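# Working through the structure, step by step
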Amino acid sequence: MDKCSLESANMLASGNSADSELNLWSRSDVQTCTSWRAPIIWEGMFNPDRYDQTHRNEGSSVALTVFAVGRYLDVYLKTFLISSEQYFMLSLPVSYYVFTDMPEKVPNIELGPNRHLNVIKVEKHTRWQDISMMRMKTISDIIESDIRHHSTHIFCFDVDQVFTGRFGPEALGDTVALLHAYYYHLPQKLFTYDRNPKSKAFMETGDFYYHAAVFGGSWRSVKVLTEACYKSIMEDKKNNVEALWHDESHLNRYFWLHKPSRILSPEYCWDTDIGYRRDIRVYRLLWAPKNYDTLRTS
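Quick caveat: nothing in here was measured; it's all calculated off a predicted structure.

### Quick look at the overall build of the protein
In terms of helices and strands, the protein carries six helices and ten strands. A globule of 298 residues ought to have a C-alpha radius of gyration of about 19 Å, and the protein, at 18 Å, matches this closely. C-alpha atoms of the protein, sized along the principal axes, occupy 50 × 50 × 40 Å. Counting the 298 residues in the protein, one finds 55% classified as buried. Excluding contacts between residues fewer than 6 apart, the proportion of contacts in the protein whose partners are at least 24 apart in sequence is 74%. Accessible surface computed for the protein: about 13300 Å², of which carbon and sulfur atoms make up 48%.

### Quick notes on the state of the cysteines
As enumerated under the stated definition, the model contains one disulfide in all. Between the sulfur atoms of cysteine 4 and its disulfide partner cysteine 33 the distance amounts to 2.0 Å. Between cysteine 4 and cysteine 33, the disulfide has an S-S torsion of 100 degrees and is therefore right-handed. Of this pair, cysteine 4 sits in the segment before strand S1 (40-41) while cysteine 33 sits in the segment before S1, placing them 29 residues apart in sequence. In this pair, the class of cysteine 4 matches that of cysteine 33, namely buried. The thiol of cysteine 156 is not disulfide-bonded; the next cysteine sulfur, from cysteine 229, is found 11 Å away. Look at cysteine 156 and you get buried, because its relative accessible area is 0%. Cysteine cysteine 269 remains unbridged, with the sulfur of cysteine 156 as its closest cysteine sulfur at 13 Å.

### Description of the packing of aromatic side chains
Applying the stated criterion across every chain, the model contains 27 aromatic pairs. Both rings, one in tyrosine 210 and one in phenylalanine 255, keep their centres 5.4 Å apart while their planes meet at 70 degrees; by these two values the pair is edge-to-face. Residue tyrosine 210 is found in the loop between strand S7 (175-178) and strand S8 (214-218), and its partner phenylalanine 255 is found in helix H5 (residues 247-257); the two are separated by 45 residues along the sequence. The pair tyrosine 210 / phenylalanine 255 is uniform in exposure class, with both members buried. Above the plane of the ring of tryptophan 36 lies lysine 259, whose end atom (NZ or CZ) is 5.3 Å from the centre.

### Structural notes on H5
With eight of its eleven residues buried, H5 lies for the most part within the structure. For H5, every residue scored as buried is listed here: Asp247, Glu248, Ser249, His250, Leu251, Asn252, Tyr254 and Phe255.

### Quick notes on the environment of alanine 213
For alanine 213, the location among the structural elements is in the loop between S7 and S8. Classification of alanine 213 as buried rests on a relative accessible area of 3%. When the C-alpha atoms of alanine 213 and tryptophan 287 are compared, they prove to be 9.5 Å apart, with 74 residues separating the residues in sequence. Once residues lying within four places of it in the same chain are set aside, the contact partners of alanine 213 are Cys156, Phe157, Asp158, Gln161 and Cys269.

### Description of the nonpolar core
In terms of nonpolar packing, the biggest core is built from 86 residues, with Phe88, Met89, Phe155, Phe157 and Phe167 touching the most fellow members. Formed by five residues, the second largest nonpolar core is a distinct cluster that contains Tyr183, Phe191, Met203 and Tyr209.

### Section: the packing of helix H4 (residues 219-238) against H5
Any two packed helices are characterised by how steeply their axes cross, that is the angle between the axes, and by the distance between the axes. Running from amino to carboxyl end, H4 crosses H5 at an angle of 125 degrees, the nearest separation of the two axes being 10 Å. Classed by the angle they form, the pair H4 and H5 counts as oblique. By crossing handedness, the relation of H4 to H5 is classed as right-handed. Note on element contacts: H5 touches H4 through Asp247, His250, Leu251, Tyr254 and Phe255, opposite Val224, Leu225, Ala228, Cys229, Ser232, Ile233 and Asp236.

### Here's the deal with the sheet that holds S1
Taken in spatial order, the eight strands make up an open sheet running S1-S9-S7-S8-S5-S2-S3-S4, and their pairing is mixed. The two strands at the open ends of the sheet, each matched to only one other strand, are S1 and strand S4 (115-121). Summarising the sheet, S1 and strand S9 (residues 262-264) pair through two bridges and their orientation is parallel. Paired with isoleucine 40 across the bridge in S9 is isoleucine 263. Contacting strand S2 (62-67), strand S3 (94-100), S4 and strand S5 (153-157), helix H2 (residues 71-87) crosses the sheet at an angle of about 180 degrees to S3.

### Some details on the pattern of salt bridges
Taken as a whole and judged by the stated rule, the model has 18 salt bridges. A salt bridge links arginine 135 to aspartate 247, with the shortest nitrogen-to-oxygen separation between them at 2.8 Å. Taken together, the positions of arginine 135 in helix H3 (residues 128-150) and aspartate 247 in helix H5 put the pair 112 residues apart, joining distant regions of the chain. Between lysine 137 and aspartate 141 there is a salt bridge, with its nearest N and O atoms 3.0 Å apart. Placement of both lysine 137 and aspartate 141 in helix H3 is noted, with a separation of four residues, approximately one turn of the helix. Judged by relative accessible area, aspartate 141 falls into the partly exposed class, the value being 38%. Overlapping salt bridges, with partners in common, bring together Arg27, Asp29, Glu43, Glu267 and Arg284 in one network.

Conventions and cut-offs
- Residues numbered from 1 in each chain as written.
- Predicted model: local features only at pLDDT ≥ 70, side-chain atom pairs only at ≥ 80, totals over all residues.
- Heavy atoms only, no water.
- Helix = DSSP H or I, 4+ residues; strand = E, 2+ residues; numbered from the N terminus.
- Rg over C-alpha atoms; globule rule 2.2 N^0.38 Å.
- Buried < 20%, exposed > 50% of the residue type's maximum accessible area, 1.4 Å probe, protein only.
- Contact = heavy atoms within 4.5 Å.
- Areas by Shrake-Rupley, 256 points an atom, 1.4 Å probe, with all protein chains shown as cover.
- Disulfide = S-S within 2.5 Å.
- Phe/Tyr/Trp six-rings, centres within 6.5 Å; stacked < 30°, edge-to-face > 60°.
- Lys NZ or Arg CZ within 6 Å of the ring centre and 35° of its normal.
- Core = buried A, V, L, I, M, F, W, Y, C linked by side-chain atoms within 4.5 Å.
- Axes fitted to C-alpha atoms, helices over the stretch in contact; angles between N-to-C directions.
- Parallel < 35°, antiparallel > 145°, perpendicular 65-115°, else oblique.
- Left-handed = near helix turned anticlockwise from the far one by under 90°.
- Pairing = 2+ DSSP bridges.
- Salt bridge = Lys/Arg side-chain N within 4 Å of Asp/Glu carboxyl O.

Any functional reading would require information beyond the geometric quantities listed.
See the structure below:
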């Protein structure tokens, strides 16, 4: 990874007033900003109380979307929601949107003040790849019909994860991408972009490799993002093409063409199977154990 070239946080292009106090040089071991002057958020760079207060004053509120279809509901959803109540955006109003094919099986979780749970029934696709890709349209539709009336920001999560540390308003921005835990230390030539020129997700080069398990932003920007990714996915389907990593491949291309205003370090979605890394000082969200043979239908 490169080093941040900015002399101070006042030179960031994030548009977030609290970012002016980011200490870009508190973490000399990692890259803390991008070439387009977006911050990359790491432990030790920010004052949590400052972000909590700033976003409370601005009236920020957050929608969280998560898909729990088939066996994923039984295995992961309850733990995901309980851990979210312990760590996710505790200083702000939060509305959960759980998309599932079995609404009657969604667990009854005790929620804190100003936190609400919405359950939306969705179709269960035969292939897990289609579930993954079609979530882009579902998210776009719920933003239009509901979220834009109630929340300023939205975060979209995979369900097979567990919150283990603060995941607060320091993560909020206009468009938010996540550095993939398995790729942030690797040279770009090893990034698994889609290399098929027939796919709308095709990339010869890029900036970083982003993980689709977590992305977000303002509701307006996430609506544009999900609509663009869905359009590309459907054009691929029309041409009998499927991107290498499905919606993640399309998301990476989108963030290459439309640079994210904020990037989260792998602290915000880590896999302990990677082992010890000195630059990962805190685990905020962890991958849950995977057993794809039994979870995925095909």
